[in-house]
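What the coordinates show
What follows is each chain in one-letter form.
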Amino acid sequence: KYTYNDFIIKASALALKRHPEINSGFNSTVNTLIRYKTVDISVAVSIQGGLITPILKNADMKSVDELAVEIKNLAARAKEGKLEAHE
């Protein structure tokens with residue numbers, strides 16, 4: 001079963017892929033823009049004590065089905081405290 005969030009994440013990933021200038025960050029050390037080579041999207045998950053934002057890596061290359069499964073998996077692991085840093 002899909003959620004609205006699954007479709008919004010897929011649409012966002014495709015928009016970032018199509019407009020790479022938006023898929024960027026700022027390096028404040030040297031005052032330059034960084035264009036990311038991959039489309040990675042964080043998803044906010046409510047856990048006891050606050051929020052955590054696991055990352056869906058290469059979201060633009062995944063189907064809505066794959067994203068839905070991965071989001072559910074990451075959310076469950078986040079709530080159980082089983083996420084690893086930099087997975």
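The paragraphs below set out a description of the structure included in this document. Being a predicted model, the structure only gives us computed values, none of them experimental.

1. A closer look at the overall build of the protein chain
For the protein chain, the helix and strand inventory stands at two helices and six strands. Counting from the amino terminus, helix and strand elements in the protein chain follow one another as α-β-β-β-β-β-β-α. Principal-axis analysis of the C-alpha atoms gives the protein chain an extent of 40 × 30 × 20 Å. Per-residue burial for the protein chain yields a buried fraction of 26% across its 87 residues. Intrachain contacts of the protein chain at a sequence separation of at least 6 include 40% that bridge at least 24 residues. About 6,400 Å² of surface is accessible on the protein chain, with carbon and sulfur atoms providing 57% of the total. Considering the protein chain, the positive charge centre built from 12 side chains and the negative charge centre built from 10 side chains are found 3 Å apart.

2. Some words on the nonpolar core
Residues Ile9, Ala13, Leu16, Val39, Ile41, Val43, Leu56, Ala59, Leu67, Ile71 and Leu74 constitute the largest nonpolar core, which totals eleven residues. When residues of this core are traced back to their parent elements, those giving at least two are helix 1 (4-18) and helix 2 (64-79). With near-sequence residues (within four places) excluded, Leu74 lies in contact with Pro54, Ile55, Leu56 and Leu83.

Thresholds applied
Residues numbered from 1 in each chain as written. Predicted model: local features only at pLDDT ≥ 70, side-chain atom pairs only at ≥ 80, totals over all residues. Heavy atoms only, no water. Helix = DSSP H or I, 4+ residues; strand = E, 2+ residues; numbered from the N terminus. Buried < 20%, exposed > 50% of the residue type's maximum accessible area, 1.4 Å probe, protein only. Contact = heavy atoms within 4.5 Å. Areas by Shrake-Rupley, 256 points an atom, 1.4 Å probe, with all protein chains shown as cover. Lys, Arg positive; Asp, Glu negative; His and termini not counted. Charge placed at Lys NZ, Arg CZ, Asp CG, Glu CD. Core = buried A, V, L, I, M, F, W, Y, C linked by side-chain atoms within 4.5 Å.

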